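Spelled out, the chains give:
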Amino acid sequence: MMKKKSIYASRASLVLILCQVISALDVPLDSKLLEELLQPPTITQQSPKDYIVDPRENIVIQCEAKGKPPPSFSWTRNGTHFDIDKDAQVTMKPNSGTLVVNIMNGGKAEAYEGVYQCTARNERGAAISNNIVIRPSRSPLWTKEKLEPNQVREGDSLVLHCRPPVGLPPPIIFWMDNAFQRLPQSERVSQGLNGDLYFSNVQPEDTREDYICYARFNHTQTIQQKQPISVKVFSMDSLNDTIAANLSDTDIYGAKPVTERPPVLLTPTGSTSTKVELRGNVLLLECIAAGLPTPVIRWIKEGGELPANRTFFENFKKTLKIIDVSEADSGNYKCIARNTLGSAHHVISVTVKAAPYWITAPRNLVLSPGEHGTLICRANGNPKPNISWLANGVPIAIAPEDPSRKVDGDTIIFSHVQERSSAVYQCNASNEYGYLLANAFVNVLAEPPRILTPVNKLYQVIADSPALLDCAYFGSPKPEIEWFKGVKGSILRGNEYVFHDNGTLEIPVAQKDSAGTYTCVARNELGKTQNEVQLEVKDPTMIIKQPEYQVIQRYGQVSFECIIKHDSTLLPTIIWLKDNDELPDDERFLVGKDNLTIMNVTDKDDGTYTCIVNTTLDSVSASAVLTVVAAPPTPAIIYARPNPPFDLELTGQLERSIELSWIPGDENNSPIISFVIEYEDGLHEPGVWHYQTEVPGSQTTVQLKLSPYVNYSFRVIAVNEIGRSQPSEPSEQYLTKSANPDENPSNVQGIGSEPDNLVITWESLKGFQSNGPGLQYKVSWRQKDVDDEWTSVIVANVSKYIVSGTPTFVPYEIKVQALNDLGYAPEPSEVIGHSGEDLPMVAPGNVQVYVINSTLAKVHWDPVPLKTVRGHLQGYKVYYWKVQSLSRRSRRHVEKKILTFRGNKTFGMLPGLEPYSSYKLNVRVVNGKGEGPASPDKVFKTPEGVPSSPSFLKITNPTLDSLTLEWGSPTHPNGVLTSYVLKFQPINNTHELGPLVEIRIPANESSLILKNLNYSTRYKFYINAQTSVGSGSQITEEAVTIMDEAGILHPAVGAGKAMASRQVDIATQGWFIGLMCAVALLILILLIVCFIRRNKGGKYPVKEKEDAHADPEIQPMKEDDGTFGEYSDAEDHKPLKKGSRTPSDRTVKKEDSDDSLVDYGEGVNGQFNEDGSFIGQYSGKKEKEPAEGNESSEAPSPVNAMNSFV
């Protein structure tokens, strides 16, 4: 048989597309008209292309069509004429093309298999149906087969094959047991798309003898059953027992335990496969894997994403389902099976093909003689379909010729058609995957106009709503439609009407005067006809008294009113609802003509009650809430804001005043205190309400002052102690007459923006201040103090005017006067402005500088002439900067400083100068434009001052009796240095300062070695620099001489922190313990001697302990030998503050010493002095002690006690 290329050649099945008319003519769906007009056949109903029938029932092949005259029907079977009169089993339904094959009375369905096609024909053409393929359903039995039991080792995979019989259509497969219970499925056990049952790995519980595959054939409603399949799973333990029982001792036996295995795909096999699916179908891809543990399946699309909203996973993600596939879904899909031991994958290459589908299906054409038209047939598919045309079921190439017809590929072009051009055309689009067929007729009609709307049809509408007047028509050629109002009215035109293509006349907003008779006229070249319709415009239905919110006590009575106003010709009906539902069927609810009364109210009556008024044309509703409360012992008084006033009335209208009156609303148990009157200017600020006045609450009329040219509306707000009411409804509008402006613009200013202009600005009048239309401004100016005339211009309603070509910064007299179409406002007042400023011309002269001290100077200058300022004098700016330091002779980056002196000031102070430096300064005058030229630079010098502290102080190279001091010169010498002054004093272990020693050092020195110091003693050092003016601030550091050079490492003494040297642990040595005992015995003897001497009246020369003092200047010192002086017992020195004893970098601190002997020895109550005498504390007196290099207040180290014996 030939491939499907055309309907004539292969009789391949076709699809009928019922299309609407899209030509120059539309045929209205009017039954009377359709009965009268000639029309080619149109197939309206047919059987599906692939028609599978039940072989036990009669076969009904449908074919219904319409046309005028009614069409006749014929059939072909397998491409040849099917003569139904010769087959007693086949009949055709009356007035129909539907065939009925009588199978139930002895016919065989198999005898009527084949391809059928129906043709519907009348004098205007022939339409054809699809090729309908008839096939009887089949449900064959399973073939007999011998099924061997399946014996499987635990953990292995297993496939139970179903292999159902081939049926038509294919059966639905499912697995059950003998009890007709579906077998449970999971990730491990599942049914494939082919019906087989797959086990990824078998378990002992899978052992059973009733695995049964069932096939259900839906068309015949039968189920076929396969023979049961037996599965026996051997576990490892039972298998080992069996092998052991059947083998001798010499045999090697023993089954391996259950072994985990990586995934292996059971279906599909191999690494790749292909699949072709058609566009619009459901794509099903499947991957089932074996493995232990049970593998998990995952799907991906290579090089893309799975389509969202169309992708589904079924059968425990073993099946990928994509619905409504398109060409874009083509590609490689990979399934990946994975468990803990590895993975396996399979790639399925999917190609989406497409049976033909419509892009543009041909549509029926209704043409008039001589007109033109086209039939377009466009389809797509993969591969691209072939387009062929038929005329009345015959290929167009062999159909009768028609001179008005021209075929151009997928288009048929008709020109100058005649009635004989009427026909039914078929478009066939086909490829290897299917075809499409569409019937479209060309119907050439010559008909005079007909109006299908009933004569004198009455239309009723509500006022202010749209009115649609129909004029359904038909004619060929298409008639023109015109509308008239009244018997002799003119044709209707204009924006108040809308003319629709279907002849309907729309009046967007129908008014009372729109009512009347309207005439529709339809005409074409074959004739003319007209029809009249009537329009009535009714008054809208309104609820003039709405139900109101009610609070009623339990067991009371309540009534809701619903008083309506309606058109007298309309009959209204009133319906009451409770909570949007019908009223309860309760005799307590009494519905009157215009009210609803509820007797003996209960709690369940609480809710929302709605009054609905319906007429045949409109509907309105209003609702109110009923709240049921318990009856209180005494009624509570409800205080609320007042209700708004109403019935506002304007009387006594005058040009500048009017009287407003109103009726107060309910005061709601709180007397009205006042009424607030507001107004709206609908001409200038519509929608904005302004405060007008306020009157006492006892007053209900007020005389209001008005402004000209304002369209007033008023509203009133009542006020009581609870609050303000809602505003009343606005009063009627009142437009006051125009008048001259009463006032002129305010805030008039004249300020130049450039040296040669004057910018005049003002605040414009508000809309209601204009007093009339055409608001403008007269701007006038003249130079002050010059005999000059006023220059004036009239500008529009703006707020700025620029006068150009003015001299620089001269005063002007300015005035701005308002005017409108009726005249000028009163004469305005004058203001003084100035034209634009320019930079000052000259610099201040006679600049003098007077140096007050090393950091302060005073500068004087002469003021510049005001004429040269050329603007508003704002002040003077003094620029000054340091040129160089006289002590260093080194230049640095110049940083200019600026001081501004406001107004006409001619002197100023320059603070913050650096001593012994050279400075320059200049002075400039400042106006609103900027700075003028600078005066010549003035040079001045500051005298010497005291220097800053030395930049650093370091103490190095400590020995038993010497320290080396190093320091840096001051950062700011502020003059010529004359010397350095070094002072130092010892600090004992109680933080008290000893006598102060002062040394003067030449200015060119930067280091000094101090000798003859006490060993193991802390010293505090002070150093400062001096100029001829005096001493600068000092810098301090502390350091310690070392304890002993024998066996002890020298400590590192510096400007801040220090670390004590590590010492041998002697606390456990025998000689040390003996020495300590001797010391203790000696201390005891000395205590006894001191006690005896005191009792004898002798005075032991023990000095009081001295407190450290922050200022070392008060410490006395012998000038002859530089040694420490004697202190009287009466002197009381303050202890050194903690903040003044910040240790230097190399000071030894207790907390920094890890191995100090203090940590090992026991503290004692006294110490030996340097001369071996014992120092104690007696009668509250304190003896000054040397510093030990230890900031702790604890008892001194035993090592110090030993050093006193040396």
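Residues numbered from 1 in each chain as written. Predicted model: local features only at pLDDT ≥ 70, side-chain atom pairs only at ≥ 80, totals over all residues. Heavy atoms only, no water.

Engineer: What should I look at first to understand the overall build of the chain in this one?
Structural biologist: Check the secondary structure of the chain and you find six helices and 87 strands. Put simply, the chain has 1206 residues, and 44% of those count as buried. Residue pairs in contact within the chain that sit at least 24 positions apart in sequence constitute 67% of those at least 6 positions apart. (Helix = DSSP H or I, 4+ residues; strand = E, 2+ residues; numbered from the N terminus. Buried < 20%, exposed > 50% of the residue type's maximum accessible area, 1.4 Å probe, protein only. Contact = heavy atoms within 4.5 Å.)

Engineer: I would appreciate a short explanation of the sheet that holds strand 26 (residues 319–322) in the present structure.
Structural biologist: Note on sheets: strands pair through backbone hydrogen bonds, and any given pair is parallel or antiparallel. Taken in spatial order, the three strands of this open sheet run 22-26-25, and their pairing is antiparallel. Edge positions in the open sheet fall to strand 22 (283–286) and strand 25 (311–314), since each of these has one partner strand only. The average angle at which neighbouring strand axes cross in this sheet is 20 degrees, direction not considered. (Pairing = 2+ DSSP bridges. Axes fitted to C-alpha atoms, helices over the stretch in contact; angles between N-to-C directions.)

Engineer: What is the right way to read the sheet that holds strand 46 (residues 527–538) from this model?
Structural biologist: Strand order in the open sheet formed by four strands is 39-46-45-42, with mixed pairing between adjacent strands. Unpaired on one side and paired on the other, strand 39 (457–462) and strand 42 (480–485) mark the two borders of the sheet. The average undirected angle you get between the axes of adjacent strands in this sheet is 25 degrees. Bridge analysis of strand 39 against strand 46 gives six bridges, and the strand direction is parallel. Residue pairing for strand 46: Leu-458 is matched across the bridge by Gln-534.

Engineer: Just to check I follow, could you spell out the pattern of salt bridges for this structure?
Structural biologist: Opposite charge on two side chains permits them to pair, given that their charged atoms come into close proximity. Under the defined criterion, the tally for this structure stands at 39 salt bridges. With its nearest N and O atoms 3.7 Å apart, the salt bridge here joins Glu-302 to Lys-334. Residue Glu-302 is found in the loop between strand 24 (296–301) and strand 25, and its partner Lys-334 is found in strand 27 (residues 331–339); the two are separated by 32 residues along the sequence. In this structure, the salt-bridge partner of Arg-378 is Asp-410, at a minimum N-O distance of 3.4 Å. Placement of the pair is Arg-378 in strand 31 (residues 378–382) and Asp-410 in the loop between strand 34 (405–408) and strand 35 (411–414), with a sequence separation of 32 residues. The exposure class assigned to Asp-410 is partly exposed, which follows from its relative accessible area of 26%. Here the residues in one salt-bridge network are Arg-153, Asp-156 and Arg-261, joined through shared partners. (Salt bridge = Lys/Arg side-chain N within 4 Å of Asp/Glu carboxyl O.)

Engineer: Explain the pairing of strand 5 (residues 72–77) to me, please; I cannot follow it from the model alone.
Structural biologist: Side-chain direction in a regular strand flips from residue to residue, so the side chains alternate between the two faces of the sheet. As paired elements, strand 5 and strand 9 (residues 114–122) share six bridges and run antiparallel to each other. Paired with Phe-73 across the strands is Ala-120, a residue of strand 9. The turn linking strand 5 back onto strand 6 (residues 80–81) is made up of two residues, and Asn-78 within it adopts a positive phi angle of 55 degrees.

Engineer: Any chance you could explain the packing of aromatic side chains here in plain terms?
Structural biologist: Each aromatic ring pair is described using two quantities: the centre-to-centre distance and the angle formed by the ring planes. Using the criterion set out here, one finds 19 aromatic pairs in the structure. Ring geometry for Phe-174 and Tyr-214: centres 5.7 Å apart, planes at 10 degrees, overall stacked. In this pair, Phe-174 sits in strand 14 (residues 172–176) while Tyr-214 sits in strand 17 (residues 208–217), placing the two residues 40 residues apart along the sequence. For the residue pair Phe-174 and Tyr-214, the accessibility class agrees, reading buried in each case. Their ring planes at 65 degrees and their centres at 5.3 Å tell us that Trp-662 and Phe-675 sit as a pair that is edge-to-face. Of this pair, Trp-662 sits in strand 58 (residues 657–663) while Phe-675 is found in strand 59 (residues 672–681), placing the two residues 13 residues apart along the sequence. (Phe/Tyr/Trp six-rings, centres within 6.5 Å; stacked < 30°, edge-to-face > 60°.)

Engineer: Hey, could you run me through a nonpolar patch on the surface in this one?
Structural biologist: Where nonpolar side chains cluster on the molecular surface, the patch consists of Leu-1081, Leu-1084, Ile-1085, Ile-1088, Val-1089, Phe-1091 and Ile-1092 and spans about 670 Å² of accessible area. For Val-1089, the location among the structural elements is in helix 5 (residues 1070–1095). On the accessibility criterion, Val-1089 (41% relative accessible area) is partly exposed. (Patch = residues over 30% accessible without salt bridge, like charges linked within 9 Å, V, L, I, M, F, W, Y side chains within 5 Å. Areas by Shrake-Rupley, 256 points an atom, 1.4 Å probe, with all protein chains shown as cover.)

Engineer: Whenever I open this one, the confidence of the model for the chain confuses me. Can you help?
Structural biologist: A low pLDDT means the predicted coordinates there should not be read in detail. Across the chain, the average pLDDT comes to 83, with 83% of residues at or above 70. Of the regions scoring below 50 in pLDDT, residues 247–255 engages in ten contacts with residues more than four places distant in sequence or in other chains. pLDDT under 50 marks residues 1045–1065. Its contacts with residues more than four places away, or in other chains, come to 59 contacts. (pLDDT = per-residue confidence, 0-100.)

Engineer: Where do I start with the nonpolar core in this structure?
Structural biologist: Taken as a class, soluble globular proteins show a tendency for nonpolar side chains to be buried jointly. With 30 residues, the main nonpolar core has Ile-59, Ile-61, Trp-75 and Ile-134 as its most contacted residues. Of all the elements in the fold, those that place two or more residues in this core are strand 2 (50–53), strand 3 (59–61), strand 4 (63–68), strand 5, strand 8 (99–101), strand 9 and strand 11 (132–136). The residues contacting Ile-134, other than those within four sequence positions of it, are Tyr-51, Val-53, Ile-59, Ile-61, Tyr-112, Glu-113, Gly-114 and Tyr-116. (Core = buried A, V, L, I, M, F, W, Y, C linked by side-chain atoms within 4.5 Å.)

Engineer: Looking at this model, I keep getting lost on the state of the cysteines. Mind explaining?
Structural biologist: When the sulfur atoms of two cysteines share a covalent bond, that bond is a disulfide. In this structure the tally under the stated criterion is six disulfides. What pairs with Cys-562 in a disulfide is Cys-611, and their sulfur atoms sit 1.8 Å apart. Between Cys-562 and Cys-611, the S-S torsion sits near -60 degrees, and that sign places the bridge as left-handed. Note that Cys-562 is positioned in the loop between strand 49 (558–561) and strand 50 (563–565) and Cys-611 in strand 55 (residues 607–614), a separation of 49 residues in sequence. The class for Cys-611 is buried, based on a relative accessible area of 0%. Each disulfide of the chain joins two cysteines, and with those cysteines numbered along the sequence the arrangement is 1-2, 3-4, 5-6, 7-8, 9-10, 11-12. (Disulfide = S-S within 2.5 Å.)

Engineer: Even after reading the chapter, I still don't get the pairing of strand 79 (residues 953–956), so can you show me in this structure?
Structural biologist: Pairing analysis gives four bridges linking strand 79 to strand 80 (residues 963–967), with the strands arranged antiparallel. Counterpart to Leu-953 in the pairing with strand 80 is Trp-967. Between strand 79 and strand 80, which pair antiparallel one after the other, the connecting turn spans six residues, and Asn-957 there sits at a positive phi close to 50 degrees.

Engineer: Could you clarify how one ought to interpret the environment of Leu-775 in this entry?
Structural biologist: Relative to the elements of secondary structure, Leu-775 occurs in the loop between strand 65 (757–763) and strand 66 (776–783). Among the residues examined, Leu-775 registers a relative accessible area of 13% and is labelled buried. Residues Leu-775 and Asn-740, spaced 35 residues apart in sequence, show a C-alpha to C-alpha distance of 9.8 Å. Excluding anything up to four places from it in sequence, Leu-775 contacts Leu-765, Ser-770, Ala-796, Asn-797, Ala-818, Leu-819 and Asn-820.

Engineer: For this particular structure, what's the right way to read the side chain of Ser-731?
Structural biologist: Residue position: Ser-731 is located in the loop between strand 62 (711–720) and strand 63 (734–735). The buried category is assigned to Ser-731, whose relative accessible area is 8%. Look past the residues within four positions of Ser-731 in its chain and what remains in contact with it is Leu-648, Leu-650, Ser-713 and Phe-714.

Engineer: What exactly am I supposed to notice about the side chain of Asn-757 here?
Structural biologist: Inspection of the secondary structure puts Asn-757 in strand 65. A polar contact is formed between the side chain of Asn-757 and the backbone nitrogen of Ser-753, at a distance of 2.9 Å. Contacts of Asn-757, omitting those with residues within four sequence positions, involve Gly-752, Ile-802, Val-803, Ser-804, Thr-806, Ser-835 and Gly-836. (Polar contact = N/O pair within 3.5 Å; in protein donor to acceptor, adjacent residues only side chain to side chain.)

Engineer: What am I meant to see in the environment of Ile-638 here?
Structural biologist: Structurally, Ile-638 can be placed in the loop between strand 56 (619–629) and strand 57 (646–651). Look at Ile-638 and you get exposed, because its relative accessible area is 60%. Taking the C-alpha atoms as reference, Ile-638 lies 9.1 Å from Ser-670; in sequence the two are 32 residues apart. Residue contacts for Ile-638: discarding those within four places in its chain leaves Asn-668 and Asn-669.

Engineer: Could you clarify how one ought to interpret unusual backbone geometry in this entry?
Structural biologist: Excluding glycine, most residues fall at negative phi; most peptide bonds, likewise, are trans. Going from Leu-168 to Pro-169, the amide bond is cis rather than trans, its omega being -10 degrees. Relative to the assigned elements, Pro-169 resides in the loop between strand 13 (158–160) and strand 14. Its identity is not glycine, yet Tyr-709 carries a phi of approximately 55 degrees, on the positive side. Mapped onto the fold, Tyr-709 is located in the loop between strand 61 (701–705) and strand 62.

Engineer: Which parts of the structure should I look at to understand the environment of Ser-770?
Structural biologist: With respect to the secondary-structure elements, Ser-770 resides in the loop between strand 65 and strand 66. With 27 residues separating them in the primary sequence, Ser-770 and Asn-797 have C-alpha atoms 10.0 Å apart. Those residues in contact with Ser-770 that sit more than four places away from it in its chain are His-684, Tyr-709, Ala-739, Pro-741, Leu-775 and Asn-820.

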